[in-house]
Amino acid sequence: MKVKTFKEAYGVLQRHAQTLREQDEPNIDDLLSIVTESVSAYKLCQERIDAVEQALEKALGSVAEAPAPAGQAAAPARAARRAQADRPPEPDESDDLSDGDIPF
């Protein structure tokens, strides 16, 4: 399955995570395809997130250089804080996955 959009890739990750959560014991026959598709979907999502972050940094950088009309100077800063708050935290390398939670 070749996904092309962030939404499709995110949907793949959600479906696979739900499938794995609902299993009483892993279905080893499907595990390889689940992992392969999930890794591809994750990479696509990460690429899109990185591209959006770069575009925001570029846009906000050019806004910061240009004088803003009165009362509008705080809007880009609020947008950047909101975007950061909406982004899930980066996984900590010291996270212990032994609790059975699926890492994707």
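Only a predicted model underlies this, so the values are computations on that prediction, with no experimental measurement involved.

1. Let's talk about the overall build of the protein
Phase 1: The secondary structure content of the protein amounts to 3 helices and 0 strands.
Phase 2: Moving toward the C terminus, one meets the helices and strands of the protein in the order α-α-α.
Phase 3: Burial statistics for the protein: of 104 residues in total, 12% are counted as buried.
Phase 4: Contacts in the protein between residues far apart in sequence, at least 24 positions, make up 67% of those at least 6 positions apart.
Phase 5: When the accessible surface of the protein is totalled, it reaches about 8,500 Å², and 55% of it is carbon and sulfur.

2. A word on the side chain of H16
Phase 1: With respect to the helices and strands, H16 occurs in helix α1 (residues 6–22).
Phase 2: The exposure class of H16 is buried, given its relative accessible area of 11%.
Phase 3: For H16, the side chain forms a polar contact with the side chain of E37, separated by 2.8 Å.

3. Details of the nonpolar core
Phase 1: Counting 7 residues, the largest nonpolar core is built from V3, A9, V12, L13, A41, L44 and C45.
Phase 2: At the level of elements, α1 and α2 (28–65) are the ones that each hand at least two residues to this core.
Phase 3: Ignoring sequence-local partners within four residues, the contact set of V3 consists of E8, A9, V12 and L44.

4. Some thoughts on the packing of aromatic side chains
Phase 1: Applying the stated criterion across every chain yields a total of 1 aromatic pair.
Phase 2: Here the aromatic rings of F6 and Y10 are separated by 6.0 Å at their centres, their planes lie at 10°, and the arrangement is stacked. Residue F6 and its partner Y10 are located together in helix α1, separated by 4 residues, close to a single helical turn.
Phase 3: Classification of Y10 by relative accessible area gives partly exposed; the value is 42%.

5. Focus: α1
Phase 1: For α1, spanning 17 residues, the distance from its first C-alpha to its last is 24 Å, which sits close to the expected 24 Å at 1.5 Å a residue.
Phase 2: Those residues of α1 that sit buried are A9, G11, V12, L13, H16, A17 and L20.

6. Examining the confidence of the model for the protein
Caution is warranted with low-pLDDT regions, since their predicted coordinates should not be read in detail.
Phase 1: Per-residue confidence for the protein gives a mean pLDDT of 79, with 61% of residues at or over 70.
Phase 2: Overall, residues 93–97 carries pLDDT values under 50, and its contacts beyond four positions in sequence, including any with other chains, amount to 1 contact.

7. A look at the environment of L44
Phase 1: Summarising the element assignment, L44 is placed in helix α2.
Phase 2: For the pair L44 and F6, spaced 38 residues apart in sequence, the C-alpha to C-alpha distance is 6.8 Å.

Calculation rules
- Residues numbered from 1 in each chain as written.
- Predicted model: local features only at pLDDT ≥ 70, side-chain atom pairs only at ≥ 80, totals over all residues.
- Heavy atoms only, no water.
- Helix = DSSP H or I, 4+ residues; strand = E, 2+ residues; numbered from the N terminus.
- Buried < 20%, exposed > 50% of the residue type's maximum accessible area, 1.4 Å probe, protein only.
- Contact = heavy atoms within 4.5 Å.
- Areas by Shrake-Rupley, 256 points an atom, 1.4 Å probe, with all protein chains shown as cover.
- Polar contact = N/O pair within 3.5 Å; in protein donor to acceptor, adjacent residues only side chain to side chain.
- Core = buried A, V, L, I, M, F, W, Y, C linked by side-chain atoms within 4.5 Å.
- Phe/Tyr/Trp six-rings, centres within 6.5 Å; stacked < 30°, edge-to-face > 60°.
- Expected span 1.5 Å × (residues − 1).
- pLDDT = per-residue confidence, 0-100.

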